[in-house]
Amino acid sequence: APGGRPAARLGAVSRKDSYDITLLPGDGIGPEIMESAKSVLSALCDRCGFELNLREALIGGAAIDAVNDPFPDATLEACQSADSVLLSCIGGYKWDGNPRELRPETGLLKMRKSMGLFANLRPAKVLDQLIDASTLKREVVEGVDVMVVRELTGDVYFGAPKGIDTDADGKRVGYNNMIYSEGEIERIARVAGDVASKRNGKLCSVDKANVLDVSQLWRDVVTDVITDEFPDVDLSHMYVDNAAMQLIRWPKQFDTMVTGNIFGDILSDEASMLVGSLGMLPSASIGESGPGVFEPCHGSAPDIAGEDKANPLALILSAAMMLRYDLARGEEADILEAAVETVLDQGLRTADIKQEDDGCKLVGCIEMGKAVADVVAATATVEV
Ligand SMILES: NC(=O)c1ccc[n+]([C@@H]2O[C@H](COP(=O)([O-])OP(=O)(O)OC[C@H]3O[C@@H](n4cnc5c(N)ncnc54)[C@H](O)[C@@H]3O)[C@@H](O)[C@H]2O)c1
Ligand SMILES: CC(C)[C@H](C(=O)O)[C@@H](O)C(=O)O
Ligand SMILES: [Mg+2]
């Protein structure tokens with residue numbers, strides 16, 4: 001577990017008996033995994049004696065279809081007025097040909113930006129039960145526990161100008177702009193320093209400072225913040241191409257990694273294969289104040305949507321991060337994470353983490369969720 005809430009976060013909710021939670025089921029496998037997460041949360045509330053008032057709002061393709069806007073104002077309002085937000089995933093082939101402002105992904109980026117969610121924590125912790133689900137050798141992945149701190153509201157994702165124009169020869173030119181301001185780098189460096197100091201004190205900052213000016217600024221500012229404010233944190237720097245290789249070669253050299261938006265997007269999907277599946281990787285998107293959004297790292301998996309094949313555990317583990325970071329319910333988060341391990345111990349596997357001849361039982365999304373809920377119902381009162 002990543003320990004307490006990062007210090008950069010000021011506006012977290014204190015422990016209460018009843019919380020307002022906005023659920024964003026989104027697209028593809030989103031609604032299925034949300035049903036599983038809801039059954040688990042309901043079991044947790046019953047056993048631990050607190051209430052979650054759940055309400056659903058539209059985002060992504062579902063919102064485009066309903067109101068022609070991938071992140072409607074009503075959804076922003078439902079998110080900002082809640083104690084916390086749980087999001088499944090967005091996107092799908094159906095909307096891929098839409099103009100940019102009517103793409104599901106635009107809605108997700110608008111949500112992150114308008115809610116000020118500049119820090120995205122993506123833990124990749126290898127569970128013993130799933131070591132053989134990784135495509136890498138057992139000795140490489142056993143015991144891996146990496147936290148990727150990804151900046152989430154800057155970089156080439158948001159830099160202007162951007163677009164597709166035509167040059168003097170009538171040929172098209174596409175461009176985006178990789179921009180980071182000093183202030184943006186300082187605040188993510190602070191979150192990373194704080195996270196690293198609550199883990200084992202090792203922080204690796206990943207950039208491309210050998211080529212990009214924006215990365216040189218990143219390196220300089222991260223160095224200043226960590227040296228001045230986190231003297232006990234052991235900071236190193238690595239170029240992103242090498243980091244991609246080192247993550248596969250010997251991931252145990254890493255503890256906390258901090259990087260920009262696009263490098264973090266790519267490296268966190270890569271880290272999911274250490275754990276065994278993208279379907280296992282949760283995340284927390286948080287800002288200085290206000291509710292966070294807790295979202296798996298994976299997308300809407302259109303290739304398996306609607307078939308009851310999706311792994312709901314990344315969303316369930318995201319709900320555990322929500323309990324820990326936003327709701328001051330660390331014990332309940334522990335119960336949820338322990339229940340996930342218990343169902344894996346029981347030998348239940350969705351298709352993405354099932355190996356041939358592993359002696360485990362192949363289950364669907366609904367059965368996996370129900371199994372976690374049953375474990376929560378059976379164990380929670382004993383542990384609280
Ligand atoms: N945060 C998000 O909502 C988010 C993240 C990534 C991609 N997307 C969107 O999702 C759509 C599909 O993108 P993609 O295919 O590149 O990435 P993806 O993450 O949806 O899927 C990649 C692969 O992983 C598998 N997978 C992902 N989650 C799984 C789960 N929970 N259980 C089992 N298998 C799982 C998929 O079946 C697929 O084979 C696109 O529209 C993309 O923009 C959204
Ligand atoms: C869908 C896309 C905009 C998103 C991102 O790039 O941030 C996704 O890949 C993620 O990792 O959450
Ligand atoms: Mg991604």
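The coordinates are above.
Just so you know, these numbers come straight off a predicted model, no measurement behind them.

Side note on the site of ligand 1
Argument step 1. By nearness alone, 21 residues border ligand 1, and G91, G279, H298, G299 and N311 come closest of all.
Argument step 2. Its residues assigned to classes, the shell around ligand 1 comprises 10 nonpolar, 7 polar and 4 charged.

Quick word on the nonpolar core
Argument step 1. The biggest cluster of nonpolar side chains holds 115 residues, and the ones touching the most others in it are V40, V149, I316, A319, L336 and V372.
Argument step 2. Counting residues per element, this core draws most heavily on helix 10 (residues 313-325), which supplies 11 residues.
Argument step 3. No fewer than three residues from each of domain 1 (1-123 + 277-384) and domain 2 (135-275) sit in this core.

Points about unusual backbone geometry
Argument step 1. Along the chain, A160 connects to P161 via a cis peptide bond; the corresponding omega equals 0°.
Argument step 2. Located in the positive-phi region is D308, a residue other than glycine, with phi close to 55°.
Argument step 3. Turning to its location among the elements, D308 is positioned in the loop between strand 12 (293-294) and helix 10.

Overview of the site of ligand 2
Argument step 1. The local shell around ligand 2 consists of G91, E105, L108, L109, D265, C297 and G299.
Argument step 2. With 3 residues, helix 4 (residues 104-114) is the largest single contributor of residues to the shell around ligand 2.
Argument step 3. Tallied by class, residues from the shell around ligand 2 come to 3 nonpolar, 2 polar and 2 charged.

Cut-offs applied
- Residues numbered from 1 in each chain as written.
- Chains lettered and ligands numbered in written order.
- Predicted model: local features only at pLDDT ≥ 70, side-chain atom pairs only at ≥ 80, totals over all residues.
- Near = placed C-beta within 6 Å.
- Nonpolar A, V, L, I, M, F, W, Y, C, P; charged D, E, K, R; others polar.
- Core = buried A, V, L, I, M, F, W, Y, C linked by C-beta atoms within 7 Å.
- Buried ≥ 20, exposed ≤ 12 C-beta atoms within 10 Å, placed from the backbone.
- Helix = DSSP H or I, 4+ residues; strand = E, 2+ residues; numbered from the N terminus.
- Domains from an automatic or database assignment.

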